[in-house]
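Each chain is listed here by its residues.
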Amino acid sequence: VPAGAWSVLFEGEELHGASSLGDVDLEAEQARLEAKVAECEKAVAGFKGRLSNASYVERAPANVVEETRQRLAAAEADLTTATAALSRLRELNA
């Protein structure tokens, strides 16, 4: 990444920019990322709650339980990505 530029991986896509972000509302982007992190945290908690319920795991069809596990993994990956993007934005905004 050239000096004065930034690069971040978010939701599977690499985003690039320059330090002269005059057209970008950094506060709005930070708010959007904070909301995304909160949404991901809620999803992760929900999937973990479901999977920690022995009755759900025992009674639900195996494919439904596996889908819940896959959705948990995806939500955790999204949370990691959103958290990293937010941290990077905060560094740029400091």
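Look up a bit, the structure's there.
Residues numbered from 1 in each chain as written. Predicted model: local features only at pLDDT ≥ 70, side-chain atom pairs only at ≥ 80, totals over all residues. Heavy atoms only, no water.

## Concerning the pattern of salt bridges
Summed over the entire model, instances satisfying the criterion amount to five salt bridges. Linking Arg32 and Glu29 is a salt bridge whose minimum nitrogen-to-oxygen distance equals 2.9 Å. You can see Arg32 and its partner Glu29 sitting in helix α1 (residues 26-52), three residues apart, about one turn around the helix. With its nearest N and O atoms 3.8 Å apart, the salt bridge here joins Glu39 to Lys36. With a gap of three residues between them, Glu39 and Lys36 both fall in helix α1, about one helical turn apart. (Salt bridge = Lys/Arg side-chain N within 4 Å of Asp/Glu carboxyl O. Helix = DSSP H or I, 4+ residues; strand = E, 2+ residues; numbered from the N terminus.)

## Comments concerning the packing of α1 against helix α3 (residues 62-93)
The packing of two helices is summarised by the inter-axis angle and the distance between the axes. Viewed as axis vectors pointing N to C, α1 and α3 meet at an angle of 155 degrees, and their least axial separation amounts to 8 Å. As summarised for this structure, α1 and α3 are arranged roughly antiparallel, according to the angle between their axes. As for the relative orientation of α1 and α3, their crossing is left-handed in sense. Looking at the contact of α1 with α3, its residues break down into 16 nonpolar, four polar and 11 charged. (Axes fitted to C-alpha atoms, helices over the stretch in contact; angles between N-to-C directions. Parallel < 35°, antiparallel > 145°, perpendicular 65-115°, else oblique. Left-handed = near helix turned anticlockwise from the far one by under 90°. Nonpolar A, V, L, I, M, F, W, Y, C, P; charged D, E, K, R; others polar.)

## Here we look at α3
With 32 residues, α3 should reach 46 Å at 1.5 Å per residue; the first-to-last C-alpha distance of 46 Å fits that figure. Among all positions in α3, only Val65, Thr68, Leu72, Ala75, Leu79, Ala82, Ala85, Leu86 and Leu89 are buried. (Expected span 1.5 Å × (residues − 1). Buried < 20%, exposed > 50% of the residue type's maximum accessible area, 1.4 Å probe, protein only.)

## Focus on α1
Taking 1.5 Å as the rise per residue, α1 with 27 residues should run 39 Å; its terminal C-alpha atoms sit 38 Å apart, in good agreement. Listed in full, the buried residues belonging to α1 are Leu26, Gln30, Leu33, Lys36, Val37, Cys40, Val44, Phe47 and Leu51.

Any functional reading would require information that these geometric values do not contain.
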